[in-house]
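Structural overview
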Amino acid sequence: MRTDMKRMGTKGQRAALMGALLAVVLGGTGCGEECVDAFDCRDKGTPPEGQVWACVEQTCTQVTISLGEGDAGTDAGTGTDAGTGNDGGTGTDAGTGTDGGTGTDGGTGTDGGTASCGPLPRESVLGTLQLQTGFSVGESAPLSTEVIAVVSTPGPTYSLFGLRQTATGRDVFSLGTWPDVMLGSSALDTVLAPADRSNAAGTFPSYFLAHDGTRLLAGYTKSGFPAPGSVAVVDAAARAATDYLNAPDNYTAVGTTDAFFINGGGLDTVSEGKGIYALVTSAKPYAAVKVVDFPAQVGASGFSAIASNNITVFGYALPDTYVNVAYAVAYAKLGEALASRTPVVLTDEPKVDVGTDFNAAAGFGNGVAMARGAYGASFNFEVTDVSRFSLTPGLGGGQPISVGTREPVLTATDACTSVNLLSSLGSDLLVGVTDVNGRRLVRIRQGQ
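Below, the structure is looked at part by part. (Residues numbered from 1 in each chain as written. Predicted model: local features only at pLDDT ≥ 70, side-chain atom pairs only at ≥ 80, totals over all residues. Heavy atoms only, no water.)

**Observations concerning the sheet that holds strand 21 (residues 324-329)**
Sheet architecture is open: three strands sit in the order 19-20-21, paired in antiparallel fashion. The sheet is open, and its two borders are formed by strand 19 (300-306) and strand 21, each paired with just one other strand. Averaged over all pairs of adjacent strands, the angle between their axes in this sheet comes to 20°, without regard to strand direction. Both strand 19 and strand 20 (residues 312-317) contribute to a ladder of five bridges, which runs antiparallel. Among the inter-strand pairings, Ser301 is bridged to a residue of strand 20, identified as Tyr316. Where helix 3 (residues 331-340) meets the sheet, it contacts strand 19, strand 20 and strand 21, and its direction lies at approximately 85° from that of strand 21. (Pairing = 2+ DSSP bridges. Helix = DSSP H or I, 4+ residues; strand = E, 2+ residues; numbered from the N terminus. Axes fitted to C-alpha atoms, helices over the stretch in contact; angles between N-to-C directions. Contact = heavy atoms within 4.5 Å.)

See below:
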């Protein structure tokens, strides 16, 4: 079956996966203490000036920081890239810091002792980010600092949806039609299951929003080991009630027609350790199947993306270092795993040579884009660049996917413009950007 499916092409592979989905339907980071690292403390609210949250003896504690000469005050909303850290879904604040990126330092956070970002020259769309050869900028649109994840429907008309995080809620909203982006006046529904609605502060949002052609998927976790969690399946047209499913350690997810692939530690009644779990949504009751196995020892769940040619990228955080790694998995293999209920061994698949840690991933044409960088001293993700890796299907005869070398898309020349979200818009890339001009989504295309 594997050789035949590799010869099918995209449409044939989709049909084969749908057959596997139908067969499945017919056949029927955290710990016990308050925190394991500083990222678990981000929902504790804004600390007093000159202090940050730290995890001290498994307890969230405010500690004093020493700012270098010329630093421009508090974080002001640098956030990270819509899914940072690997702590069972706590992430960071995706640009929702003290003033949403519009305060004293324009969302730079501490600036490492350099001059204030205010007087620096900046481009109105990309700020101080530098666009690289081979790519072009399309439209841009303002984005609320409360939106921590964005997903689009298939084109050519793109309807956008957003996951909004506030102190009292985790809700899914319509964002309108690109590029006329505006947060809806009321939520489509809440992500929180009924039992958790009275204690939103005790939940940690997972920084993803996925779409399966009809429904939306979002999730959250709570303290514990493994981190208990839940995902919500929201009907975008509000024709059916939202379904809530058990999903420990859920961290990221991607969607395809009538299925979601969730990077976590279990789903519904299936609990087989960290990996990728498929939620088949083509009929009710939904079916859950583990389709990708991670190594026995991993640090945490990781990132997920799907390219326009349906090649998926899944990853996890390494133990001890928590550096993220990723591998490319052929669409056909996911269909086989669904049909046979035998998971793909992720480390047997081609590795994406990112070259450093990364904290966001999204499909970008027939490839994947990743925000690369490392964690800074003040617990913010410092994006050095957004880079693309092409993904080419293997030829007949069982040849593996070919992963291209790194192509820089955007590079950061300083900390004065932050990248805090990656998503897909058809074959293009949406990048969340924050600086003194506010927060916005920017469309990046391949080609000049």
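**Digging into the pattern of salt bridges**
Between side chains of opposite charge, pairing is possible as soon as their charged atoms come close. Taken as a whole and judged by the stated rule, the model has 16 salt bridges. Between Lys284 and Asp243 there is a salt bridge whose closest N-O contact spans 2.9 Å. Highlighted residues: Lys284 in the loop between strand 17 (275-280) and strand 18 (287-293) and Asp243 in strand 14 (residues 243-246), separated in sequence by 41 residues. Assessed through its relative accessible area of 22%, Asp243 is described here as partly exposed. Here Lys333 makes a salt bridge to Glu349, at a shortest N to O gap of 2.9 Å. Placement of Lys333 in helix 3 and of Glu349 in the loop between strand 22 (344-345) and strand 23 (358-363) is noted, with a sequence separation of 16 residues between them. (Salt bridge = Lys/Arg side-chain N within 4 Å of Asp/Glu carboxyl O. Buried < 20%, exposed > 50% of the residue type's maximum accessible area, 1.4 Å probe, protein only.)

**Things to note about the nonpolar core**
Counting residues in hydrophobic clusters, the biggest one holds 23 residues, and the most contacted among them are Phe261, Val291, Val292, Phe314 and Leu346. Elements represented by at least two residues in this core include exactly strand 17, strand 18, strand 20, strand 21 and helix 3. With residues near it in sequence (within four places) discarded, Leu346 still touches Val292, Asp293, Phe294, Phe314, Gly315, Tyr316, Tyr327 and Val329. Grouped together as the second largest cluster of nonpolar side chains are 20 residues, Ala371, Val386, Leu422 and Val442 included. (Core = buried A, V, L, I, M, F, W, Y, C linked by side-chain atoms within 4.5 Å.)

**Points about the packing of aromatic side chains**
On inspection of all chains with the given rule, the structure shows six aromatic pairs. Seen from their ring centres, Tyr251 and Phe303 are 5.4 Å apart, and the 75° between their planes marks the pair as edge-to-face. Placement of Tyr251 in the loop between strand 14 and strand 15 (252-256) and of Phe303 in strand 19 is noted, with a sequence separation of 52 residues between them. Following the ring pairs from residue to residue traces out a cluster consisting of Tyr251, Phe303 and Phe358. (Phe/Tyr/Trp six-rings, centres within 6.5 Å; stacked < 30°, edge-to-face > 60°.)

**What to know about the sheet that holds strand 15**
Strand order in the open sheet formed by five strands is 15-16-17-18-22, and the pairing between neighbours is mixed. In the strand order of this sheet, the two ends are held by strand 15 and strand 22, each with one partner. Where strand 15 meets strand 16 (residues 259-264), five bridges bridge the pair, whose relative direction is antiparallel. Each residue of the ladder has a partner; that of Ala253, found in strand 16, is Ile262. Strand contacts of helix 3: strand 15, strand 16, strand 17, strand 18 and strand 22, with the helix running at about 125° to strand 18, the strand carrying the most contacts.

**A look at the state of the cysteines**
Applying the stated criterion to the full structure yields one disulfide. Here Cys117 is linked by a disulfide to Cys416, with a sulfur-sulfur distance of 1.9 Å. Residues Cys117 and Cys416 share a disulfide whose torsion about the S-S bond is about -75°; that sign makes it left-handed. Placement of Cys117 in the loop between strand 2 (59-64) and strand 3 (129-131) and of Cys416 in the loop between strand 27 (407-412) and strand 28 (418-425) is noted, with a sequence separation of 299 residues between them. By relative accessible area, Cys117 is classed as buried at 1%. Given a relative accessible area of 4%, Cys416 falls into the buried group. (Disulfide = S-S within 2.5 Å.)

**Thoughts on unusual backbone geometry**
A cis geometry characterises the amide bond from Phe225 onward to Pro226, with omega recorded as -10°. Relative to the elements of secondary structure, Pro226 occurs in the loop between strand 12 (215-221) and strand 13 (229-235). Cis peptide bonds are those with omega within 30 degrees of zero, and the linkage from Lys284 to Pro285 qualifies with 0°. Here Asp268, not a glycine, exhibits a phi torsion of approximately 55°, which is positive. Take Asp268: it is sitting in the loop between strand 16 and strand 17. You can call Asp268 partly exposed: its relative accessible area is 31%.

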